[in-house]
Amino acid sequence: MSDPRKLYIKTYGCQMNVYDSERMSEALGPNGYVTVDSPDEADMILLNTCHIREKAAEKVYSELGRFKGLKAEKPDLKIGVAGCVAQAEGEEIMRRQPMVDLVVGPQSYHRLPEMEAKAGQGAKVIDTDFPEEDKFERLKSRPKAKRGPTAFLTVQEGCDKFCAFCVVPYTRGAEVSRPVSRVLDEARDLVERGVREITLLGQNVNAYHGEGPDGRDWSLARLIRELSEIDDLARIRFTTSHPNDMDDDLIAAHGDCEKLMPYLHLPVQSGSDRILKRMNRSHDRDSYLRLIDRIRAARPDILISGDFIVGFPEETDEDFRDTMRLIEEVRYGQAFSFKYSTRPGTPAAERAQVEEAVKTARLAELQALITDQQRAVQDSMVGQEVGVLIERAGRLPGQMVGKSDHLHAVHMQTDLAPGSLARVRIVESGPNSLAGDVIG
Ligand code: SAH
Ligand code: SF4
Ligand code: F3S
C-alpha cells in the first residue's frame, strides 16, 4: 500500500464546526488520508470556515493567500474550503482565489470523499446543495480509536429563527434533528472509546425534535434523560440554546437529572425591548429574566452564560443602558460579546448603522462588567467542593487540569488519570482558572 496522504484541517467558528471537522477527517480516512497538525506537510488543506462576522470571513481569504506559496512549491497540493463561508460564497471563492480546488457546504460533507477523488484528477468541484439525505447518516460510522474524556455530538442543525443580524439560517439551512436512535448509538460508541462527558450540539439545540423509537418526536429533555441511562457516561451538556425553546421539561431536567451539568448558555443579545424587536428575537427582556428565574428555581447554583451584540443598527445610549442593567440583574458566569457586524443579505444590513467608535466604547464597557461578574462567580467557588473531570496533564510536575461541573478550568496535584472524576475542594481563584485539592 502507498504511504498515507496528509490532511490538514483548520477549524474556525463554533463547536459545530469542530465536530464537523472531526467527521470530515474520518470521512477522508478511506481515501487514504491521515490528519496532520501543520499545513506545510499536507497533501490536502481544508479550511472549515465561519461566516458569522465580517472579520471571520475575511480571515479565510487572507489565510488562503498565505497558502499560495505552498501551492507553488507543491502543485499537487489540494486546497478545499468547507463550512459557512463555502455555503455563503460558493463559486465566488474560486473567482477570488483560483488555486482553490474544492468548495463544500456544511450539508454536503458526506459527498467529500467523491469530491476529493475528482479534485485529485484535476477538476474544480463545488457542492453547496442542501440535499434531502442526512449527511450524518451517509457518513461512515465513526472509527473505533480511543478518545479523550470529552466529546461533541451534533444532534440538531440549522435555524428557522431569522434574527435580523444573522447568517446562520442561510448558511446552515432549516432546523433538522437527528433521530434519537442515531444519537444514542453514537453516544454509546463514544463512551465505549473512553468519553465521559458529551456536549450535545445544535445551532438551536433545544429546538431538538428528533424521531424517537416510538415514532414520535422527542424533545431535548427526553433525549437527555435517555442518554443519562448510559452507565459510563458521567456528564451531559448542551449548547446553544434559544430562550424561546426552553420548555418546562428541560428546565426541570436541570433540577432532577444528575448528569446534566449546572451550566446553561442562553444568549439574549440585548436588554432593550426596542432592539430585541428590531432584531426579530421574538422574546423580550422580561420574558428572558423570568425564564432565568425559573431555571434558577430548578437549579439554584446553575452558571448562566450569554451572548451580546453591541451597536446593532439604531441602538441608542438608552438601549445600551438597558443591556447593562439586564447584565447586572442576571449576573453572568460567562459571556461572549461582539460588535454588530454587517452581514450582506440580512435585514439589519440595510438599516442605519452605529458609528464604529461608539460600538468600540460600548463593547469595552460591557466587557468590563462581564469580566467583573465572571471573576465574582469564579471567586465564589473558593471553599466549595466541586466535581471535576480530569482532562490532561498541566504544566507543572504532578499537575492535572480538568473542568468543574460549572465548566471552570481547575488545576490540581493528583495521580488520577484523564477521564477520572474527582471531588475537589477549591482553594484559589486565579485570572482564568481555579486551583483545588482532591478530596475524593
Ligand atoms: N443560535 C445561537 C447563536 C449562534 S451565532 C443563538 O441564537 O443564540 C453566535 C453568536 O454570534 C450570536 O449569539 C451573536 O451574539 C453573534 N452574532 C451573530 N451574528 C452576528 C453579527 N452579525 N454581528 C455580531 N455578532 C453576531
Ligand atoms: Fe442566528 Fe438567531 Fe438562529 Fe441564533 S437563533 S442562529 S442568532 S438566527
Ligand atoms: Fe460560524 Fe457557521 Fe458556526 S457562521 S458560528 S461556523 S454555524
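Residues numbered from 1 in each chain as written. Chains lettered and ligands numbered in written order. Predicted model: local features only at pLDDT ≥ 70, side-chain atom pairs only at ≥ 80, totals over all residues. Heavy atoms only, no water.

Around ligand 2, the surrounding shell consists of C159, K161, F162, C163, F165, C166, V168, P169, N204, H242 and R281. Of the residues that constitute the shell around ligand 2, the class distribution is seven nonpolar, two polar and two charged. (Near = heavy atom within 4 Å. Nonpolar A, V, L, I, M, F, W, Y, C, P; charged D, E, K, R; others polar.)

We now examine the site of ligand 1. Around ligand 1, the surrounding shell holds 15 residues, and the nearest of these are Q203, P267, Q269, D307 and S341. The contact in question runs from a nitrogen atom of ligand 1 to an N or O atom on the backbone of Q203, over 2.8 Å. Contacts to ligand 1 include S341, whose backbone N or O atom sits 2.9 Å from a nitrogen atom. Of all the secondary structure elements, the ones that give two or more residues to the shell around ligand 1 are β13 (303-310) and β14 (334-339). In terms of residue class, the shell around ligand 1 is made up of six nonpolar, four polar and five charged. (Polar contact = N/O pair within 3.5 Å; in protein donor to acceptor, adjacent residues only side chain to side chain. Helix = DSSP H or I, 4+ residues; strand = E, 2+ residues; numbered from the N terminus.)

Read from one edge to the other, the open sheet built from three strands follows the order β12-β13-β14, with strand pairing classed as parallel. In the strand order of this sheet, the two ends are held by β12 (263-265) and β14, each with one partner. Here the strands of the sheet are splayed against their neighbours by 10° on average, with no regard to which way each runs. In this structure, β12 lies alongside β13, joined through three bridges in parallel fashion. (Pairing = 2+ DSSP bridges. Axes fitted to C-alpha atoms, helices over the stretch in contact; angles between N-to-C directions.)

According to the domain assignment, the chain consists of domain 1 (5-127), domain 2 (135-380) and domain 3 (385-438). Between domain 1 and domain 2, the C-alpha centre-to-centre distance is 27 Å. Opposite the 23 residues of domain 1 that make contact, domain 2 presents 29 residues. A buried area of about 2400 Å², summed over both sides, lies between domain 1 and domain 2, and 58% of it is on carbon and sulfur atoms. Among the residues of domain 1 in contact with domain 2, M16, Y19 and R23 are the three that bury the most area, contributing 29% of the side total. Where domain 1 meets domain 2, there are three salt bridges. Where R172 meets D20, a salt bridge forms, and the shortest distance between an N and an O atom there is 3.1 Å. On the surface where domain 1 and domain 2 come into contact, there are 10 residue pairs in polar contact (both at pLDDT 80 or more). (Domains from an automatic or database assignment. Contact = heavy atoms within 4.5 Å. Buried area = accessible area lost by both parts, 1.4 Å probe. Salt bridge = Lys/Arg side-chain N within 4 Å of Asp/Glu carboxyl O.)

The positions UniProt marks with the feature "binding site: [4Fe-4S] cluster 2" (unreviewed entry) are C159, C163 and C166. Along the chain, the position of C163 falls in the loop between β8 (156-157) and α7 (168-172). With relative accessibility at 10%, the residue C163 sits in the buried group. Beyond its immediate chain neighbours, meaning those up to four positions away, C163 contacts M279, N280 and R281. Of note, C166 is situated in the loop between β8 and α7. Note on C166: relative accessible area 13%, which makes it buried. (UniProt positions renumbered as here; feature names shortened; annotations may be inferred. Buried < 20%, exposed > 50% of the residue type's maximum accessible area, 1.4 Å probe, protein only.)

Here helix α13 (residues 317-330) crosses helix α14 (residues 356-379) at 10°, and the two axes come no closer than 10 Å. Classified by the interaxial angle, the pair formed by α13 and α14 is roughly parallel. Each of D317, F320, R321, T323, M324, I327 and E328 in α13 lies in contact with α14, whose residues at this interface are R362, E365, L366, L369, I370 and Q373. For the contact of α13 with α14, a count of residues per class yields six nonpolar, two polar and five charged. (Parallel < 35°, antiparallel > 145°, perpendicular 65-115°, else oblique.)

Considering the arrangement of structural elements, one finds R351 in the loop between β14 and α14. Accessibility expressed as a relative area gives 26% for R351, which makes it partly exposed. In this structure the C-alpha to C-alpha distance between R351 and F312, which are 39 residues apart in sequence, comes to 9.4 Å. Each residue touching R351, except ones within four places of it in the same chain, is listed here: A164, R278, F312, P313 and E314.

Note the cis peptide between T239 and T240, where omega equals 0°. When you line up the elements, T240 lands in the loop between β11 (235-239) and α10 (248-256). Located in the positive-phi region is S282, a residue other than glycine, with phi close to 55°. When you line up the elements, S282 lands in the loop between α11 (273-278) and α12 (285-298). Residue classification places S282 among the exposed residues on the basis of a relative accessible area of 56%.

Moving on, we get to the packing of aromatic side chains. The tally for this structure, following the rule as stated, stands at four aromatic pairs. Pairing F312 with Y340 gives two aromatic rings, centres 5.5 Å apart and planes at 75°, and the pair type is edge-to-face. Of this pair, F312 sits in the loop between β13 and α13 while Y340 sits in the loop between β14 and α14; the two residues are 28 residues apart in sequence, bridging distant segments of the chain. You'll find F312 and Y340 in the same group, each marked buried. Counting every residue linked through ring pairs, the aromatic cluster contains F165, F312 and Y340. Positioned above the aromatic ring of F338, the side-chain terminus of R53 is 3.7 Å from the ring centre. (Phe/Tyr/Trp six-rings, centres within 6.5 Å; stacked < 30°, edge-to-face > 60°. Lys NZ or Arg CZ within 6 Å of the ring centre and 35° of its normal.)

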